[in-house]
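Residue-level structural notes
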Amino acid sequence: MSSIFFLIQQTMFFSIPLLVVALGGMFSERSGIVNIALEGIMIMGAFASIFVINGLQDFIQGQGLLLIAILVALASGMVFSLLHAYASVNMRANQVISGTALNMFAPAFATFIARTVQGVKEIGFTNTFRIESVPMLGKIPLLGPMFFQNTYITTFIGIIILVAAWFTLFKTRFGLRLRSCGENPQAADSVGINVSKIRYAGVLISGALAGLGGLIFVVPTSTSFNATVSGYGFLALAVLIFGQWNPKRIFLSAFFFGLMKTISATYSGIPFLQDLSISKDIYKMIPYIATLIVLAISSRNSQAPKAVGVPYDKGTR
Amino acid sequence: MNNKLRRMLDSYNLSSFIASFSAIIIGLLFGLIVLIFTNPGQAFAGFRTILSGGFSGGSRGFGNIFYIATPLIMTGLSVGFAFKTGLFNIGASGQLIVGAYVSVVIGVYCTGLGQFQWVLAILGGMAAGALWASITGLLKAYLNVHEVITSIMMNYIGMHLVNSLVVQTVFDSLRNQSSNVAKTAYIPTMGLDKLFRGSSLNAGFFIAVFFVLVIYIILKKTVFGYELIACGHNPDASKYAGINAKRNIVLSMTIAGGLAGIAGSLIFLANTGKHIEVLDVLAAEGFTGIPVALLGLSNPLGILLSAIFIGYITLGGFYMQLYDFVPEIIDIIIASIIYFSAFALIVKKLLAFFKLRMNSRGKQRSEEKPTTVKEE
């Protein structure tokens, strides 16, 4: 039983960042801007916030520090994504090229600054953020150990973001405008919606969430930041596509990928999987192969926003 | 004079060249600003080292520019060729490592071939890379899976697969890397090591230049190349014209993969002590192919030049460590160059505006071409 609890707790660590980043990507793509820079933005967010944790941890520990780091991650991701927004909205640049540039820039920048400031690339931190057991809720039989023990507040923030994202997208005026800019910006413009503004908002929300995703990916799974989030931003893109740009389905697919990733990362701790004696590299391939298979099945009837990736030009119909 | 200038500005190539060139200048200036912020005292000395690049190392440095550029030409061609068909091959890294693995296996085991061993090893690398990329092409053409996602996944799968296979077949467990290939599997140096004494240059550079010419001829002089470019510009129109778009997507990815596979062969058969290391790190040369292709505007000759340029400033970054600078500044500069080159459209618009003004001054409004320019 305890290994099942362990598996579920681990799955949460891997799924929540995917969920948050994929939801971020959803806001950008729903507004009509492809954001393959998610990986780079995650690195930036993680870099800035872990750097702050590293600097402040002698003065403040625990949830207070984590909250500060969360704010830093949100802000740094948002600022970094401004570059993408400027290139894709104002400069009408090729969004894939701009995203690629950001993806190349982030690890180089993080490594450069870390090595200039402290000599080595790794930024270490002490993990004082783990919650052994949530008061009251952790005592519930079965559910307690699954969701409320050995956890982080970021997990619950992730769930809140999911609900908020769904509500924003489908129940608010802003959400409707965002979706219309991704489907048919000309029509949106004709009824007085400022397409540029909405697209900026979409990209900035995605930047903030991706930055946060970088932090909550690193904190539970590591004790140092090494200028990489190991392809998680790209996995989040796959989650977004498999989730068909819809919060509920993104939630399900994030958990599917989280589970795959958990199997590949923790198979040695699971007796049943270890008995199979398959090479460790095969396990490491599982999440990526699963992504391919799942995409091959689900991409035929893609429900991507119609205008995604196309710079808005008032003159075209 | 006026007329001539206008015709020059009309040319798509020239305005693209100006766009790339200004991106390079702005990217370098941005690098300088970063240097000034991080280490004001040494910033200008360091920046001068970047600019003088490979030249700071004499004939050795000069040869090493081309040595570093060799695999970049191949991965640049790989990305650029796929771009021409409207595909973004971000998977050159995986194709490269798979090709490298097959080359190394042939280099270690097929010793009976004598002088032809390295040729077979390169062909094997090419075939492996092509096969690896064809999966991406097939998924794109027949199942509508976006090639960016597929090729990223194939990068990771390729890396882990090669790690696992190296350990099982050609493992040097002491150094945690692939074992040495046979002497006959090394690419001949053809006297280049003597010409540029101390450098690691070998005939691999000629092989890369040979493929630049091959790709140039395919794209510019063959029906097949014409069809590929047509598919890239407008898939619907080319379908209407009877071009088999699906087949072209698969073929284009396959060829791109073959080119990246050769890059892997050229790196690991170069007799410079490079081995496939069993680490969870993607091959960087594959990703550098992207800026090479973008800067070279996906034109084979442009790719040759931009690969040499990237080799040049990479070497500059290497020499910069003398000034206590971290070499990653070069990656920052390259990334900002790519970012600014995405603004190409605006630069071209400015040029077009300039042209229009000259047009109205000369009162010749005869052949005003639409000034919108296609993205890469």
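For the structure itself, consult the block above.
Residues numbered from 1 in each chain as written. Chains lettered and ligands numbered in written order. Predicted model: local features only at pLDDT ≥ 70, side-chain atom pairs only at ≥ 80, totals over all residues. Heavy atoms only, no water.

**Side note on the overall build of chain B**
A count of helical and extended segments in chain B gives 16 helices and two strands. Relative to a compact globule of 376 residues, whose C-alpha radius of gyration would be 21 Å, chain B shows 22 Å and is just as compact. Expressed as a percentage of the 376 residues in chain B, the buried residues total 54%. Taking the contacts inside chain B whose residues are at least 6 apart along the sequence as the reference set, 76% of them involve residues at least 24 apart. When the 26 basic and 16 acidic side-chain charges of chain B are each reduced to a single mean position, those positions are 12 Å apart. (Helix = DSSP H or I, 4+ residues; strand = E, 2+ residues; numbered from the N terminus. Rg over C-alpha atoms; globule rule 2.2 N^0.38 Å. Buried < 20%, exposed > 50% of the residue type's maximum accessible area, 1.4 Å probe, protein only. Contact = heavy atoms within 4.5 Å. Lys, Arg positive; Asp, Glu negative; His and termini not counted. Charge placed at Lys NZ, Arg CZ, Asp CG, Glu CD.)

**Points about the interface of chain B and chain A**
On the chain A side, the residues contacting the 41 residues of chain B number 43 residues. Between chain B and chain A the total buried area reaches about 3,900 Å² when both faces are included, carbon and sulfur atoms providing 78% of it. Inspection of the chain B/chain A interface yields two salt bridges. Among the ionic pairs, K284 of chain A bridges to D280 of chain B, the shortest N-O distance being 2.9 Å. At the boundary of chain B and chain A, one finds four residue pairs in polar contact (both at pLDDT 80 or more). In terms of residue class, the side of chain B that touches chain A is built from 29 nonpolar, six polar and six charged. (Buried area = accessible area lost by both parts, 1.4 Å probe. Salt bridge = Lys/Arg side-chain N within 4 Å of Asp/Glu carboxyl O. Polar contact = N/O pair within 3.5 Å; in protein donor to acceptor, adjacent residues only side chain to side chain. Nonpolar A, V, L, I, M, F, W, Y, C, P; charged D, E, K, R; others polar.)

**Quick notes on the pattern of salt bridges**
Residues and elements named next belong to chain B. Scanning all chains against the criterion turns up seven salt bridges over all chains. With its nearest N and O atoms 3.5 Å apart, the salt bridge here joins E285 to K274. With E285 in helix α13 (residues 284-295) and K274 in the loop between α12 (245-268) and α13, the pair connects residues that are eleven residues apart, well separated along the chain. Residue K274 is classed as partly exposed on the basis of its relative accessible area, which comes to 40%.

**Digging into the packing of aromatic side chains**
Counted according to the given criterion, the structure contains 24 aromatic pairs over all chains. Aromatic pair F47 of chain A and F109 of chain A: ring centres 6.3 Å apart, planes at 80°, arrangement edge-to-face. Highlighted residues: F47 of chain A in helix α2 (residues 38-56) and F109 of chain A in helix α4 (residues 95-118), separated in sequence by 62 residues. The partly exposed category is assigned to F109 of chain A, whose relative accessible area is 23%. Ring geometry for F62 of chain B against F66 of chain B: centres 5.6 Å apart, planes inclined by 80°, an arrangement best described as edge-to-face. Placement of the pair is F62 of chain B and F66 of chain B together in helix α4 (residues 58-84), with a separation of four residues, close to one helical turn. Every member of this aromatic cluster is reached through a ring pair, and the members are F47, F51, F80, F105 and F109 of chain A together with F30 of chain B. (Phe/Tyr/Trp six-rings, centres within 6.5 Å; stacked < 30°, edge-to-face > 60°.)

**Brief notes about unusual backbone geometry**
Residue and element names in this part refer to chain A. One non-glycine residue, S230, lies in positive phi territory at about 45°. Looking at where S230 falls in the secondary structure, it is placed in the loop between β4 (224-225) and α10 (232-242). Of the residues examined, S230 reaches a relative accessible area of 34% and is grouped as partly exposed.

**Describing helix α11 (residues 247-266) of chain A**
Residues and elements named next belong to chain A. Compared with the 28 Å implied by 1.5 Å per residue over 20 residues, the 28 Å span of α11 between its first and last C-alpha is a close match. Every buried residue of α11 is accounted for by P247, I250, S253, A254, F257, G258, M260, K261, T262, S264 and T266. Turning to α11, the residues buried within the fold contact α1 (2-30), α6 (153-171), α10 and α13 (280-298). (Expected span 1.5 Å × (residues − 1).)

**Overview of the nonpolar core**
In globular proteins that are soluble, nonpolar side chains generally tend to be buried together. Core analysis: the biggest nonpolar cluster contains 192 residues, and L23, I50, L215 and F225 of chain A together with I50 and I276 of chain B have the highest contact counts within it. With residues up to four places along the chain from it excluded, the contact list for L215 of chain A reads A46, S49, I50, I53, L66, A69, I70 and A73 of chain A. A82, A133, V250 and A256 of chain B belong to the second largest nonpolar core, which has eight residues in total. (Core = buried A, V, L, I, M, F, W, Y, C linked by side-chain atoms within 4.5 Å.)

**A few points about the side chain of Q117 of chain B**
Residue and element names in this part refer to chain B. By the secondary structure assignment, Q117 is in helix α6 (residues 117-143). By relative accessible area, which is 0% here, Q117 ends up buried. Excluding residues within four positions of it along the chain, Q117 makes contact with I106, G107, V108, C110, T111, A182, T184 and A185.

Interpretation note: all reported values are geometric properties and have no functional meaning in isolation.
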